[in-house]
Amino acid sequence: MEIRLKNLTKVFTDKRGNETVAVDDLDVVIPSGKLIGLLGPSGCGKSTTLYMIAGLLKPSGGKIFFGDNDVTKVSPDKRGIGLVFQNYALYPHMTVRQNIMFPLENMKVSHDEAIRLTIEMAELVGIADQLDKKPAQLSGGQQQRVAIARALVKKPDVLLLDEPLSNLDARLRLQTREEIKRIQRETGITTIFVTHDQEEAMSISDQMIVLDLGRMQQMDSPQEIYDEPDNLFVAKFLGSPPINVIDAIVKDKKIMVGDLNLGTTKAKDGKYTIGIRPEDFRVVEDGLFTFKREELEIEVIGRDTMVRFTIGENKMVRAVVESDSVKDKDVISISIKKDKVLLFDKKSGSVVV
Amino acid sequence: MTEPKGTRLRVKVARAKWHVRNFFQTVGETIKKGLSKIGLGFLFKLPPFVRAMIYLAPALAILAVFTFYPIFNSVFISFLKGYNMFTGEITGYTLFDNYLTILKHQSFAQSVINTAVIAFISVPLTILLSLAVSVALAAIKPLKGLYQTVFFLPYVTNSIALGLVFAYMFSGNANTITTQLSLSNAILKGIGLQPIAWLGIGATYWSAISVILLYTVWNGLAFKIIVFLTGIQSIDKQYYQAAQIDGASKFKTFSRVTVPLISPMIFYILITSLIGSFKTYSSVVAIIGTTGRITSGATGPLDMRTIVFYIYDFLQNAGQPGNMSFAAAASIILFIIILFFTVIQLQVGKRRVHY
């Protein structure tokens, strides 16, 4: 099911009449059958957007289309969606079986059919052996699966997940992340999930929508967004350790930080902000910056090593390089991979090609 | 940014609190040191259980005198024959005589029936009504505080006073109801019904008991609404959102989500209010009168006394030898009835209540 958000806006008004624009004129087409990550920092409006798609929040303006149908005013149960809440919202007094069956109770489904569907869903998410337990007897990961099964049992056209991994520990997170991807592949259901964790979003989504201050910043495949961010916000938000941001000037097609020439560009002369990803540095024989070992802060993290140094006027820069390349060296010379310097407009923050 | 109003005062208050806390800590340490110096330091080294018992001693002493001793004493008194409470004389001991006398007593049987009618009609009715009101109160926003106050008022008002007001609202006997309309009969007339002698001469058993029931239900609503409302408001909103997405109807959401999630509270209310209703007394005194009987002419007096009322009637004539023993025996029977229903409820609760 293709989902179109047209000029979607949500304004919250508090008791004193102060208005907060949570979602600002959002115009997005979400392709059918894909796993879409809605990514942004907290307060960017991503959960609000999800809840508006679910129908639990009424938009202040704009429209929501599922396929060709305008569902803006359709109640949540008639939209054909399944929603997995951040803390799962499993009914604590019902067994896993009753929880998964609950949505079917409210539909005209025969009892045998309901039992069959429940078992089918339990098998899909891998909790068929836990059906007679109460949610409190399950681990966080298992509860998550029950919540997904409950959301999917109605055979919805759209699956919505609100921060699906935030309540899990690191190991379970990795496992559940793969699980969600597998379930999405197997069912082919259009899935939208909300997260503030860029790594999580990049690892499982087919397409990513980056939001900030209620506005869409960029929508594309994760790699595309990482490599070619539309603006400084997106560049800064993605990547760990984060991108290095430095003030620079362009003179005669050369990118200059102080006296250092970091590369060439086609941009006009003037002041810019540049971004260099930590992994775009490398250790060479005779590079741009040369340091004695004691001048650098070096942190070995297994295969990679993080090197911190200053360029220009006390601008701290992080570089991630291969551990072997700095091993046993007294003098380390670092340069930047070709064409890996991103140029941003100083005022608007948008990328300059 | 301007400083919010009252910030400086708040800082001052916080500082003052800090000093007070420090002061008490110093006092505590000084006392501890002082006690150690005069050889009482072992007090702080006693095992936790012993220390707890020392702290509990005052409360336990009061409970022992006013609760535990009376319980055992009334069991003891119920085994005495011809006990005179002023002289302390008895004519002998017996195991069952007092109990048998009570159980054979016609007006005791009537008091059990009266109590049972009040308990088994008013308790379910009050719980259902208060659940409905709490759900409604939880759903509305404007005037919520006002409604809450209105429903809570009976709880803080004297029950005898309320009972007297009820008695007045349902006053009048067969001769006067048509000429002097009480409030209830004015309403009945307003909707085109015949006035009823609720409590006076001409009253029937059910007219009188329905006034008591009405009073009991209305008076019991307040506390239950507060408990249920608190319970409902503490339910995570996401359960309701989930139910909404799952397409559950309003009634289904209520019966499958709200009720199970506040079932510990419903259970608590069920037990306490059933016990409370078995102890009904003051409402009958206020509505029916201190004799507990309605002179009703042809059919003879209507006995509206409850079990507790029946017990108190013995105490009115406590001077009569043996009456204290009858009262004690009746109390023990009441205790056994309450125990029986509470045990049943606990058994049911094990399966039905979700904590």
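Just so you know, the residues in each chain are numbered from 1, in the order the chain's sequence is written. Each chain gets a letter, beginning with A, and each ligand a number, beginning with 1, in the order they are written. Whole-chain, interface and lining totals are the exception, using all residues; otherwise, since this is a predicted model, local features are given only for residues with pLDDT of at least 70 and side-chain atom pairs are given and counted only at 80 or more.

The next subject is the domain arrangement of chain A. Interface size, as often reported, equals the accessible area lost upon joining of the parts. Residue and element names in this part refer to chain A. Here chain A is partitioned into domain 1 (3–237) and domain 2 (244–352). An automatic or database domain assignment is the source of the domain bounds shown. Placing a centre on the C-alpha atoms of domain 1 and another on those of domain 2 gives a separation of 39 Å. Note that contacts rest on C-beta atoms placed from the backbone: two residues are in contact if these are within 7 Å. Contact with domain 1, which involves seven residues of that partner, is made by eight residues of domain 2. All amino acids are sorted into three groups, where Ala, Val, Leu, Ile, Met, Phe, Trp, Tyr, Cys and Pro are nonpolar, Asp, Glu, Lys and Arg are charged, and the leftover types, Gly among them, are polar. Considered class by class, the residues forming the side of domain 1 that touches domain 2 number four nonpolar, one polar and two charged.

Now for the interface of chain A and chain B. The partner chain B presents 15 residues to the 16 residues of chain A that form the contact. Elements with a minimum of two residues in the side of chain A that touches chain B: β6 (81–84) and α2 (96–105) of chain A. Here the side of chain A that touches chain B is composed, by residue class, of 12 nonpolar, three polar and one charged. Strands here are runs of E lasting at least two residues and helices are runs of H or I lasting at least four, both read from the DSSP assignment and numbered beginning at the N terminus.

All names here are of chain B. For helices, the axis comes from a line fit to the C-alpha atoms of the stretch in contact; other axes are also lines fit to C-alpha atoms, and the angle between any two N-to-C directions lies between 0 and 180 degrees. Closest axis-to-axis distance for the helix α5 (residues 144–156)/helix α8 (residues 205–233) pair is 7 Å, and the angle between their directions is 115 degrees. The two elements α5 and α8 cross, and the hand of that crossing is left-handed. Within the contact between the two elements, α5 uses Phe151, Phe152, Pro154 and Tyr155 and α8 uses Trp218, Asn219, Leu221, Ala222, Phe223, Ile225 and Ile226. Looking at the contact of α5 with α8 residue by residue, the classes come out as 10 nonpolar, one polar and no charged. Here a crossing is taken to be left-handed if its near helix is turned anticlockwise relative to the far helix by less than a right angle, and right-handed if that turn runs clockwise.

Here we come to helix α9 (residues 237–245) of chain B. Labels follow a simple rule on C-beta atoms placed from the backbone: if 20 or more others lie within 10 Å of a residue's own, it is buried; if 12 or fewer, it is exposed; otherwise it is partly exposed. Within α9 of chain B, the full set of buried residues consists of Ala242, Ala243 and Ile245 of chain B. All buried residues of α9 of chain B lie within an arc of 160 degrees about the axis, which places them on one face of the element. Residues of α9 of chain B that are buried in the fold lie against α1 (46–54) and β6 of chain A together with α10 (250–261) of chain B. The first or second residue beyond α9 of chain B is Gly247 of chain B, which carries a positive phi of 75 degrees. Arc definition: it is the arc formed by the directions from the helix axis to the C-beta atoms.

Here we take up the domain arrangement of chain B. What the domain assignment lists for chain B is domain 1 (1–45) and domain 2 (97–352). Put simply, the middle of domain 1 of chain B and the middle of domain 2 of chain B, counted by C-alpha atoms, are 49 Å apart.

Our next topic: the packing of helix α4 (residues 106–139) of chain B against helix α13 (residues 307–316) of chain B. All names here are of chain B. At a closest axis distance of 8 Å, the pairing of α4 and α13 adopts a crossing angle of 145 degrees. Along the contact surface, α4 presents Ser107, Phe108, Ser111, Val112 and Thr115, while α13 presents Ile307, Phe309 and Tyr310. A class-by-class count of the residues in the contact of α4 with α13 yields five nonpolar, three polar and no charged.

The next thing to look at is the sheet that holds strand β15 (residues 281–284) of chain A. All names here are of chain A. Spatial strand order, β15-β20-β16: three strands in an open sheet with antiparallel pairing. Every other strand in the sheet has two partners, leaving β15 and β16 (289–292) as the edge strands with one partner each. On average, each strand axis in the sheet is tilted by 35 degrees relative to the strand beside it, whichever way the strands run. Strands qualify as paired when DSSP identifies two bridges or more between them. Sheet topology note: the β15/strand β20 (residues 331–336) ladder contains four bridges and is antiparallel. Opposite Phe281, over in β20, you have Ile336 as the bridge partner.

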